[in-house]
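# Topology and contacts: notes
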Amino acid sequence: MESEKILLVDDDLDILKVLKANLELQGFEVACASRGKEAIEYVSKSSPDLIILDLMLPDMDGMEVCRRLRQDSPIPVIMLTARDSVSDKVLGLEIGADDYVVKPFETIELVARIKACLRRQRRKIPAEVVIEDLSIDFTKREVKVKGEIVELTPKEYEILKTLISHRGEVLSRDFLRHHVWKDSHLYEWSRVIDVHIQHLRNKIEKDPSNPEYILTVPGAGYRFKD
């Protein structure tokens, strides 16, 4: 089984060194970044399974890094901070962090939280889904219809991934906005979800006017077929 990859983001090189060594002993593959911009660039080129992100970085704070990452990526994020502030934790979780650890911490606790996050992620999304002519490889972020690759925008991909991760459930527009656009209030009065759903149907459905995969539930939202 391939080792799961973790990206450590912290400007304290001693912390990076210690955490990297401990996580590698646990069997993880570990990459490091000491700046927010460096972390964002790394994620755009690679695809770590989880990010450990320090709140205080020299070029931009961890909240901003998390916010930018969440625009295009569902990768789990555990935030590290020296501040034990409830407001910091709430804000971090609201902008998309999956967990929050306060410094100083025991490595055994951080490892337990990492494993819990990864377990939740594995339960939510299978590596690959094949439904009739549609196939989605989530490890490659690759969508095919009848064996041909379909180019989706990042938002279309995240909508599709969210629908499939909750397959059979009815998801409201507010739920989809919250999961795909973390700052969902920006689109509170728009039909942004409907527009993206229509574009997505045009790309993956045999007959977009009579969809088989992404179904409309009148007055409630959307669901992906069982």
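Residues numbered from 1 in each chain as written. Predicted model: local features only at pLDDT ≥ 70, side-chain atom pairs only at ≥ 80, totals over all residues. Heavy atoms only, no water.

### Notes on the sheet that holds strand 7 (residues 134-137)
- The four strands are arranged 6-7-8-9 in an open sheet whose pairing can be described as antiparallel. Two strands close off the open sheet at either side, each with one partner strand: strand 6 (128-131) and strand 9 (148-149).
- Two elements, strand 6 and strand 7, share four bridges in a ladder whose sense is antiparallel. The residue bridging E128 from the neighbouring strand is D137, located in strand 7. (Pairing = 2+ DSSP bridges. Helix = DSSP H or I, 4+ residues; strand = E, 2+ residues; numbered from the N terminus.)

### Focus on helix 6 (residues 154-165)
- For helix 6, spanning twelve residues, the distance from its first C-alpha to its last is 16 Å, which sits close to the expected 16 Å at 1.5 Å a residue.
- Burial analysis of helix 6 places eleven of its twelve residues in the buried class, which makes it a mostly covered element. (Expected span 1.5 Å × (residues − 1). Buried < 20%, exposed > 50% of the residue type's maximum accessible area, 1.4 Å probe, protein only.)

### Concerning the sheet that holds strand 3 (residues 50-54)
- Reading across the sheet, the five strands line up as 2-1-3-4-5 and stay open at both edges, with parallel pairing between neighbours. Both outer strands of the open sheet, strand 2 (29-33) and strand 5 (99-102), are each paired with one neighbouring strand and no more. Adjacent strand axes in the sheet meet at a mean angle of 20 degrees when their direction is disregarded.
- Taken together, the five bridges between strand 1 (residues 5-9) and strand 2 define a ladder with parallel strand orientation. Within strand 2, the position partnered with K5 by the bridge is E29.
- Sheet contacts for helix 2 (residues 36-45): strand 1, strand 2 and strand 3; angle to strand 1, the most-contacted strand, approximately 160 degrees. (Axes fitted to C-alpha atoms, helices over the stretch in contact; angles between N-to-C directions. Contact = heavy atoms within 4.5 Å.)

### Examining a negative patch on the surface
- On the surface, D11, D12, D14, E38, E41 and D59 cluster together to form a negatively charged patch.
- With respect to the secondary-structure elements, D12 resides in the loop between strand 1 and helix 1 (13-25).
- Residue class for D12 comes out partly exposed when judged on its relative accessible area of 31%. (Patch = residues over 30% accessible without salt bridge, like charges linked within 9 Å, V, L, I, M, F, W, Y side chains within 5 Å. Areas by Shrake-Rupley, 256 points an atom, 1.4 Å probe, with all protein chains shown as cover. Salt bridge = Lys/Arg side-chain N within 4 Å of Asp/Glu carboxyl O. Lys, Arg positive; Asp, Glu negative; His and termini not counted. Charge placed at Lys NZ, Arg CZ, Asp CG, Glu CD.)

### So, the confidence of the model for the protein
- The predicted model of the protein averages 84 in pLDDT, with 86% of residues at 70 or higher.
- Of all the helices and strands in the protein, helix 4 (residues 86-94) carries the lowest mean pLDDT, 65, while strand 2 carries the highest, 95. (pLDDT = per-residue confidence, 0-100.)

### What about the pattern of salt bridges?
- In total, this model carries 15 salt bridges according to the counting rule given.
- One salt bridge connects D99 with R113, and the closest N-O pair in it is separated by 2.8 Å. Within this pair, whereas D99 is found in strand 5, its partner R113 is found in helix 5 (residues 107-124), the two being separated by 14 residues in sequence.
- The class for D99 is buried, based on a relative accessible area of 16%.
- Between D133 and K206 there is a salt bridge; the shortest N-O distance is 3.7 Å. Of this pair, D133 sits in the loop between strand 6 and strand 7 while K206 is found in the loop between helix 8 (192-204) and strand 10 (214-217), placing the two residues 73 residues apart along the sequence.
- Through salt bridges with shared partners, a single network forms among D10, D54 and K103.

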